[in-house]
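Here is what each chain is made of, one letter per residue.
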Amino acid sequence: MSVMKFFRQFKDLGITGPFTRWYDKNTRTNRIAEMQGYAKEVASHLKDNASVLEVAPGPGYLSIELAKIGNYTITGMDISADFVEICRVNAKRENVNVTFVQGNVSAMPFEDNTFDFIVCSAAFKNFKEPVVAIKEMYRVLKDNGIVLIIDMNHNVSKEILIEEAGKISKSGFERWFMKNTFKQLCNSAYTRDDFENIIKQTSFSKNDIKEIGIGLFVYIYK
Ligand SMILES: C[S@@+](CC[C@H](N)C(=O)[O-])C[C@H]1O[C@@H](n2cnc3c(N)ncnc32)[C@H](O)[C@@H]1O
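Criteria and thresholds
- As a convention, each chain's residues are numbered from 1 in the sequence order in which they are written.
- Thresholds applied to this predicted model are a pLDDT of at least 70 for local features of residues and 80 or more for the giving and counting of side-chain atom pairs; totals over whole chains, interfaces and linings are not thresholded and use all residues.
- Hydrogen atoms and water are omitted, and side-chain values are computed over all heavy atoms in the structure.
- In these notes, a set of buried Ala, Val, Leu, Ile, Met, Phe, Trp, Tyr and Cys residues joined through side-chain atoms within 4.5 Å is what counts as a nonpolar core.
- Relative accessibility thresholds used throughout: buried, under 20% of the residue-type maximum; exposed, over 50%; partly exposed, between the two (1.4 Å probe, protein chains only).
- Strands here are runs of E lasting at least two residues and helices are runs of H or I lasting at least four, both read from the DSSP assignment and numbered beginning at the N terminus.
- DSSP calls a pair of strands paired once it identifies at least 2 bridges connecting them.
- Orient the strands so they point away from the viewer; a crossover is then right-handed if the path from the first strand over the helix to the second runs clockwise.
- Each pair of aromatic rings taken from Phe, Tyr and Trp, with Trp reduced to its six-membered ring, is defined by centres within 6.5 Å and is described as stacked if the planes are under 30 degrees apart, edge-to-face if over 60, and tilted in the remaining cases.
- In this description, contact between two residues means that some pair of their heavy atoms is separated by no more than 4.5 Å.
- Axis lines are fitted through C-alpha atoms, for helices just across the contact stretch, and the angle between N-to-C directions can take any value from 0 to 180 degrees.
- Should the near helix be turned anticlockwise from the far one by less than a right angle, the crossing is termed left-handed; should it be turned clockwise, right-handed.
- As a working rule, the residues Ala, Val, Leu, Ile, Met, Phe, Trp, Tyr, Cys and Pro are called nonpolar, Asp, Glu, Lys and Arg charged, and the rest polar, with Gly in that last group.

## Quick notes on the nonpolar core
Note on soluble globular proteins: their nonpolar side chains tend to be buried together.
Next up, step 1: Judged by nonpolar contacts, the single largest core of 30 residues is most densely connected at Leu53, Val55, Met108, Ile118, Phe124, Phe127 and Ile149.
Next up, step 2: Secondary structure elements with two or more residues in this core: strand 1 (51-55), strand 4 (115-121), helix 6 (130-140), strand 5 (141-152), helix 9 (192-200) and strand 7 (215-221).
Next up, step 3: Ranked by the residues each element gives to this core, the list is headed by helix 6, at five residues.
Next up, step 4: Formed by 29 residues, the second largest nonpolar core is a distinct cluster that contains Met35, Ala43, Phe117 and Ile150.

## Observations regarding the pairing of strand 4
Next up, step 1: Judged by how many residues are buried, strand 4 sits mostly within the fold: six of seven residues are covered.
Next up, step 2: Looking at chain direction, strand 1 and strand 4 are connected through three bridges and run parallel. For Glu54, the partnering residue across the bridge sits in strand 4 and is Val119.
Next up, step 3: The sheet contact formed by strand 4 and strand 5 spans six bridges and is parallel. Bridge pairing in strand 5 links Cys120 to Ile149.
Next up, step 4: Regarding the hand of the β-α-β motif, the stretch spanning strand 4, helix 6 and strand 5 is right-handed.

## Some thoughts on the packing of aromatic side chains
Next up, step 1: Taken as a whole and assessed by the stated rule, the structure comprises ten aromatic pairs.
Next up, step 2: Seen from their ring centres, Phe19 and Trp22 are 5.2 Å apart, and the 20° between their planes marks the pair as stacked. Here Trp22 and Phe19 lie together in helix 2 (residues 18-30), a separation of three residues that amounts to about one turn.
Next up, step 3: Among the residues examined, Trp22 registers a relative accessible area of 24% and is labelled partly exposed.

## So, the environment of Ile64
Next up, step 1: Relative to the helices and strands, Ile64 is located in helix 4 (residues 61-69).
Next up, step 2: Sequence separation between Ile64 and Ile118 is 54 residues; the distance between their C-alpha atoms is 15 Å.
Next up, step 3: Ignoring anything within four residues of it in the chain, the contact list for Ile64 reads Pro59, Cys87, Asn90, Ala91, Glu94 and Val96.

## What about the pairing of strand 1?
Next up, step 1: Of all five residues in strand 1, five are buried, a share of seventy percent or more.
Next up, step 2: Because side chains alternate across strand 1, one face comprises the buried residues Ser51, Leu53 and Val55, and the other comprises Val52 and Glu54, equally buried.
Next up, step 3: Bridge count between strand 1 and strand 2 (residues 73-78): five bridges; the pairing is parallel. Bridged to Val52 within strand 2 is Ile74.
Next up, step 4: Taken together, strand 1, helix 4 and strand 2 constitute a β-α-β crossover, and its handedness is right-handed.

## Describing the side chain of Asn90
Next up, step 1: Along the chain, Asn90 falls in helix 5 (residues 81-93).
Next up, step 2: The contacts of Asn90, once residues within four sequence positions are left out, are Asp24, Arg28, Pro59, Tyr61 and Ile64.

## Focus: the packing of helix 2 against helix 5
Next up, step 1: Direction vectors running N to C along helix 2 and helix 5 enclose 35°, while the axes themselves pass 10 Å from each other. The handedness of the crossing between helix 2 and helix 5 comes out as right-handed. Facing Thr20, Arg21, Tyr23, Asp24 and Arg28 of helix 2, the residues of helix 5 in contact are Asp82, Phe83, Ile86, Asn90 and Arg93.
Next up, step 2: Looking at side-chain class alone, the contact of helix 2 with helix 5 contains three nonpolar, two polar and five charged residues.

Structure (structure tokens):
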């Protein structure tokens, strides 16, 4: 069995246990500026009182930073019960109002036409059924709504990837671990063409994909 086939078996299981606490601490220590940047980008598309869904928030910092920017109704949905718990603790500590629920992107626990904006960062490559995930986003998105998927670009150069991984973790073992993790993640990440092919299989008709740093910013319009 190839390495990628081995990893794909575990898609959709989400992250649980001690790794969620490590991921939370690592994000809080090293990635808050990144989350603030994503939150600002999302906010630039929102009107006051907009309803926003973050799919697969992990420890929840993007949603939390977004809640600090404006008056929005924000929901975060993650498959991992441990992450949902961590999100709730983090939101309480930051004194912001975000609703976090457990759910699978392949069958989201929301009514049709609920959200003005859906954002999903560093998670799309983890989904077992990418076409179903986008179809579900279409279903729960309001007319004229926007989806923004931010994820690693499979075609990024390995040198840039390793440099970025080094920025996230500075100490010896953690740095080595992050570099190897980034290389594995890049193997399962999608290209611009992959995203276009996935979107073509859904009811969305318009998209715009930007290559930024090691990532793809995939904007999809309903
Ligand atoms: C690498 S973390 C990304 C977390 C966060 N968005 C970030 O930018 O750091 C991937 C997240 O996807 C979640 N996940 C994986 N499969 C999922 C699914 N089918 N539905 C919802 N969440 C899922 C995991 O539990 C985890 O929180």
